Amino acid sequence: MKAGPFEIETNDLVYIPSDDTFLLAENLDIKEGQSVLEIGTGSGLVSMYASRLTDDITATDINYNALELAEKNFEMNNIDKIKLEFGDLFEPVKDKKFDVILFNTPYLPTEEEDIIDSDLNYAFDGGSDGRKIIDRFLNEVKNHLNEGGCVQIIQSSLSNTEQTLVKLDHLGFIAEVAKSEKFFFEEIILINAYKI
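What counts and what doesn't
Residues numbered from 1 in each chain as written. Predicted model: local features only at pLDDT ≥ 70, side-chain atom pairs only at ≥ 80, totals over all residues. Heavy atoms only, no water. Salt bridge = Lys/Arg side-chain N within 4 Å of Asp/Glu carboxyl O. Helix = DSSP H or I, 4+ residues; strand = E, 2+ residues; numbered from the N terminus. Buried < 20%, exposed > 50% of the residue type's maximum accessible area, 1.4 Å probe, protein only. Contact = heavy atoms within 4.5 Å. Core = buried A, V, L, I, M, F, W, Y, C linked by side-chain atoms within 4.5 Å. Phe/Tyr/Trp six-rings, centres within 6.5 Å; stacked < 30°, edge-to-face > 60°. Patch = residues over 30% accessible without salt bridge, like charges linked within 9 Å, V, L, I, M, F, W, Y side chains within 5 Å. Areas by Shrake-Rupley, 256 points an atom, 1.4 Å probe, with all protein chains shown as cover. Pairing = 2+ DSSP bridges. Axes fitted to C-alpha atoms, helices over the stretch in contact; angles between N-to-C directions.

The subject of this paragraph is the pattern of salt bridges. One pass over the full model with this rule turns up eight salt bridges. A salt bridge links glutamate 9 to lysine 72; its shortest N-O distance comes to 3.6 Å. Of the two residues, glutamate 9 is situated in the loop between strand S2 (6–7) and helix H1 (19–25) and lysine 72 in helix H3 (residues 64–76); the sequence distance between them amounts to 63 residues. When its relative accessible area of 41% is taken as the criterion, lysine 72 is described as partly exposed. Of the charged contacts in the structure, one is a salt bridge between aspartate 29 and lysine 31, with a shortest N-O distance of 3.7 Å. Each of Arg131, Asp135 and Lys167 takes part in one network of salt bridges that share partners.

What follows is the structure, encoded as structure tokens:
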């Protein structure tokens, strides 16, 4: 599949890049030389975009199929500067800090009957209010961000954007809705938050 300037493979065990992926990938706030962490890399596409801006990138995923696919996509595009780590949220980088942290969150409110028996479930399952993973991420993110660092996250209007902005404010970030795209039943939102 052609994805922006890259050619990538996809499969049905890993989230296929969609509008939310591109909203993040095409609006990265990364300066040359900055260290970047992408959580939930999926096909690896956002990290591939990041590799055009800096050389220090770590990408993680809780879905092992995603890491295998991302590695294949990096090789296909001759990208060898992205480090891949397996694990949940910040677990694989527990003692590290970064300048920029990226996360296209699993933001869909998901009831019991919506859960699928596949690793793909990790990509969208936000729990009953869509905030199960978002809130866990927000509770930990400050410990992994350098002073003056930036967090860029994608979520949906279905998972209470206002709550995310308020929480970031309480955590000492300056947070803003940087971009948003309206769809039939929701708005996909890119939030940029700066650690002060």
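Okay, the environment of valine 151 next. Among the structural elements, valine 151 can be located in strand S7 (residues 145–156). Residues valine 151 and leucine 138 lie 13 residues apart in sequence; the distance between their C-alpha atoms is 9.8 Å. Those residues in contact with valine 151 that sit more than four places away from it in its chain are Ile101, Phe137, Val141, Leu145, Phe173, Ile191, Asn192 and Ala193.

This brings us to unusual backbone geometry. Of all residues except glycine, most have a negative phi; of all peptide bonds, most are trans. Phi at asparagine 78 takes a positive value of approximately 55°, unusual for a residue other than glycine. Here asparagine 78 lies in the loop between H3 and strand S5 (82–86). For leucine 89, which is not glycine, the phi torsion reads 45° and is therefore positive. Inspection of the secondary structure assignment puts leucine 89 in the loop between S5 and strand S6 (98–104).

Turning next to the nonpolar core. Generally speaking, soluble globular proteins have nonpolar side chains that are buried together. Core analysis: the biggest nonpolar cluster contains 26 residues, and Phe6, Leu24, Leu28, Ile30, Leu45, Tyr49 and Leu102 have the highest contact counts within it. For this core, the secondary structure elements donating two or more residues are H1, helix H2 (45–50), strand S4 (56–61), H3, S6 and strand S9 (187–195). Ranked by residue count, the leading element in this core is H2, at five residues. When neighbours within four sequence positions are excluded, leucine 45 is seen to be in contact with Ala3, Phe6, Ile8, Pro17, Thr21 and Phe22.

Now for the packing of aromatic side chains. Within the structure shown, the criterion is met by four aromatic pairs. With a centroid separation of 5.5 Å and 70° between ring planes, the pair formed by phenylalanine 6 and tyrosine 49 is classed as edge-to-face. Taken together, the residues span a long stretch of sequence, with phenylalanine 6 in strand S2 and tyrosine 49 in helix H2 at a distance of 43 residues. For tyrosine 49, a relative accessible area of 8% gives the class buried. Taken together, the ring pairs connect Phe90, Phe103 and Phe137 into an aromatic cluster.

This next bit is on a nonpolar patch on the surface. A cluster of nonpolar side chains, namely Leu158, Phe184 and Phe185, defines an oily patch on the protein surface of about 410 Å² accessible area. Note on placement: leucine 158 falls in the loop between S7 and helix H6 (161–170).

One open sheet accounts for seven strands, arranged S5-S4-S3-S6-S7-S9-S8; its pairing is mixed. One side of each edge strand has no neighbouring strand; the edge strands of this open sheet are S5 and strand S8 (173–182). Within the sheet, the average angular offset between the axes of one strand and its neighbour, ignoring direction, is 15°. As judged from the five bridges shared by strand S3 (residues 35–39) and S4, these two strands associate in the parallel manner. In the sheet register, valine 36 faces S4, and the bridge partner there is isoleucine 57. Lying over the sheet, H3 contacts S4 and S5, oriented at roughly 165° with respect to S5. Of the strands in this sheet, S3, S6, S7 and S8 touch helix H5 (residues 132–141), which is tilted by about 175° from S7.

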